[in-house]
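Structural overview
One letter stands for each residue in the lines below.
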Amino acid sequence: MGIVQEAHNVKVLGSGERVIVLAHGFGADQSVWKHLVPHLVGEYRVVLYDNMGAGTTNPDYFDFNRYSTLEGYSYDVLAILEELQVESCIYVGHSVSAMIGAIASTIRPDLFSKLIMLSGSPRYLNDADYYGGFEQEDLDQLFEAMRTNYKAWVSGFAPLCVGGDMDSVAVQELSRTLFNMRPDIALSVAQTIFHCDMRQILRLVTAPTHIIQSMKDLAVPVVVSEYLHQHLGGDSVVEVMSTDGHLPQLSSPDILIPVILRHIRQDIAV
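As the structure is a prediction and not an experimental result, all values here were calculated from the model.

**Topic: the overall build of the protein**
Across its full length, the protein holds 10 helices and 7 strands. Over its C-alpha trace the protein gives a radius of gyration of 17 Å, about what one expects of a compact globule, namely 18 Å for 270 residues. Each of the three principal axes of the protein carries a C-alpha extent, and together these read 50 × 45 × 35 Å. Burial statistics for the protein: of 270 residues in total, 57% are counted as buried.

What follows is the structure in structure tokens.
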């Protein structure tokens, strides 16, 4: 195993001809895909990895400067693909990893045959002509809560993010992976994500893009999926599911899995 693979806990499962990369979002790790993976390994070569800063990675490898922008993560994706000698992949990015993949696809478009964005957003802050779902005051309060008492913040944030009560298995799962993160790293990652503005790069994304979104999502208003559709540089399609929450792969796998499999297998009709 190469240095990059080891640092990111890369796993390659299945033995199909086509490669699928599954990329997790904030507060999670590759285990967030556990319900989906069994449906893919018989047909595809599946690449799983952890974003630097996830609780499963070595905190000593987290470079606060490198990961102060999403580009740092995008170059990690490209390094993983290079080390695995992947020539083309279907990239499934959840939450912030939707934009991480989008950036990577503008640097090396030849490596990405298709992007699937699940609960992705180019900007979380509201702007004059853009609704991202958050005001700066909301983010200031979120960051302050993380600084003051990280454990208490997780206990409140996880059910809001997942869309369920504290007793649900999905909430417990997100709580577990959030608790695994070092609090100062979690805060830094959250600040990078919530302050990012990727709207200008969307027109540079030429890979066919499938946008999948929950009807109700604390982090990403449903109008954002239409914004992505209107501003991406290549062909795109949107599907809004009847699910509640930012992590439907954990909270509503029975609804998400058939949808995501269809988008993986079917191309956009032009």
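After that view, the rundown keeps rolling.
**Quick look at the nonpolar core**
Leu22, Phe26, Tyr91 and Phe112 are the most contacted members of the largest nonpolar core, which totals 97 residues. Ignoring any residue separated from it by four or fewer positions in sequence, one finds Tyr91 in contact with Val21, Ala23, Tyr49, Val77, Ser97, Ile100, Gly101, Phe112, Lys114, Leu115 and Ile116.

**Looking at a negative patch on the surface**
On the surface, Glu135, Glu137, Asp138 and Asp140 cluster together to form a negatively charged patch. According to the relative accessible area criterion, Glu135 is partly exposed, its value standing at 45%.

**Topic: the sheet that holds strand E6 (residues 209-216)**
Read across the sheet, 7 strands follow the order E1-E3-E2-E4-E5-E6-E7 without closing on themselves; strand pairing throughout is mixed. Edge positions in the sheet fall to strand E1 (11-13) and strand E7 (236-244), since each has one partner strand and no second. For this sheet, the mean inter-axis angle between neighbouring strands, taken without regard to orientation, is 20°. Strands in contact with helix H2 (residues 70-83) are strand E2 (19-23), strand E3 (45-48), strand E4 (89-94) and strand E5 (112-118); relative to E5, the strand with the most contacts, it is inclined by about 135°. Sitting on the sheet, helix H10 (residues 253-265) is in contact with E2, E4, E5, E6 and E7, with an inclination near 170° to E7.

**Here we look at empty space enclosed by the protein**
For the structure on display, the rule yields 1 cavity of 30 Å³ or more. One number sums up the size of the largest cavity: a volume of about 110 Å³. Together, 16 residues line the largest cavity, and His24, Gly25, Phe26, Asn51 and Val189 are the ones closest to its centre. At the level of elements, H2, helix H3 (96-107) and helix H7 (183-194) are the ones that each hand at least two residues to the lining of the largest cavity. The residue makeup of the lining of the largest cavity, split by class, is 11 nonpolar, 5 polar and no charged.

**Description of the pattern of salt bridges**
If you walk through the whole model with that rule in mind, you get 12 salt bridges. The salt bridge partner of Lys34 is Glu173, with a shortest N-O separation of 3.6 Å. Of this pair, Lys34 sits in the loop between E2 and E3 while Glu173 sits in helix H6 (residues 169-180), and the two are 139 residues apart along the sequence. What makes Glu173 buried here is its relative accessible area of 13%. For the salt bridge of Lys114 with Asp267, the shortest nitrogen-to-oxygen distance reads 3.1 Å.

**Brief notes about the layout of surface pockets**
By volume, the largest pocket amounts to about 180 Å³. Around the largest pocket, the lining comprises 16 residues; the ones closest to its centre are Phe157, Cys161, Phe194, Ala219 and His246. Elements with a minimum of two residues in the lining of the largest pocket: helix H5 (150-162) and H7. With 3 residues, H5 is the largest single contributor of residues to the lining of the largest pocket. Of the residues assigned to the lining of the largest pocket, the class counts are 12 nonpolar, 4 polar and no charged.

**Remarks on the state of the cysteines**
Counted according to the given criterion, the structure contains 0 disulfides. Of all cysteine sulfurs in the structure, the one in Cys196 sits closest to Cys161, which takes part in no disulfide; the separation is 15 Å.

**So, a nonpolar patch on the surface**
Among the surface-exposed residues, Tyr131, Met215, Val222, Val223 and Val240 lie close enough to one another that they form a single nonpolar patch of about 430 Å² accessible area. Within the fold, Tyr131 resides in the loop between E5 and helix H4 (136-148).

**A few points about the packing of aromatic side chains**
Scanning all chains against the criterion turns up 9 aromatic pairs. Between Phe62 and Tyr67 the ring centres are 5.2 Å apart and the planes differ by 25°, which places this aromatic pair in the stacked class. Residue Tyr67 is classed as buried on the basis of its relative accessible area of 3%. Taking 5.2 Å as the distance between ring centres and 65° as the angle between the ring planes, the aromatic pair formed by Tyr124 and Phe194 counts as edge-to-face. With Tyr124 in the loop between E5 and H4 and Phe194 in helix H7, the pair connects residues that are 70 residues apart, well separated along the chain. Under the relative-accessibility criterion, Tyr124 is labelled buried at 2%. In textbook terms, an aromatic cluster arises when at least three aromatic residues are bridged by ring pairs, as seen for Phe62, Phe64, Tyr67 and Tyr73.

Calculation rules
- Residues numbered from 1 in each chain as written.
- Predicted model: local features only at pLDDT ≥ 70, side-chain atom pairs only at ≥ 80, totals over all residues.
- Heavy atoms only, no water.
- Helix = DSSP H or I, 4+ residues; strand = E, 2+ residues; numbered from the N terminus.
- Rg over C-alpha atoms; globule rule 2.2 N^0.38 Å.
- Buried < 20%, exposed > 50% of the residue type's maximum accessible area, 1.4 Å probe, protein only.
- Core = buried A, V, L, I, M, F, W, Y, C linked by side-chain atoms within 4.5 Å.
- Contact = heavy atoms within 4.5 Å.
- Patch = residues over 30% accessible without salt bridge, like charges linked within 9 Å, V, L, I, M, F, W, Y side chains within 5 Å.
- Areas by Shrake-Rupley, 256 points an atom, 1.4 Å probe, with all protein chains shown as cover.
- Salt bridge = Lys/Arg side-chain N within 4 Å of Asp/Glu carboxyl O.
- Lys, Arg positive; Asp, Glu negative; His and termini not counted.
- Charge placed at Lys NZ, Arg CZ, Asp CG, Glu CD.
- Pairing = 2+ DSSP bridges.
- Axes fitted to C-alpha atoms, helices over the stretch in contact; angles between N-to-C directions.
- 1 Å grid on protein atoms, 1.4 Å probe; cavity = no way out; pocket = protein on both sides within 12 Å on 5 of 7 lines; lining within 4 Å.
- Points joined across faces, edges and corners; volume = space filled by probe spheres on them.
- Nonpolar A, V, L, I, M, F, W, Y, C, P; charged D, E, K, R; others polar.
- Disulfide = S-S within 2.5 Å.
- Phe/Tyr/Trp six-rings, centres within 6.5 Å; stacked < 30°, edge-to-face > 60°.

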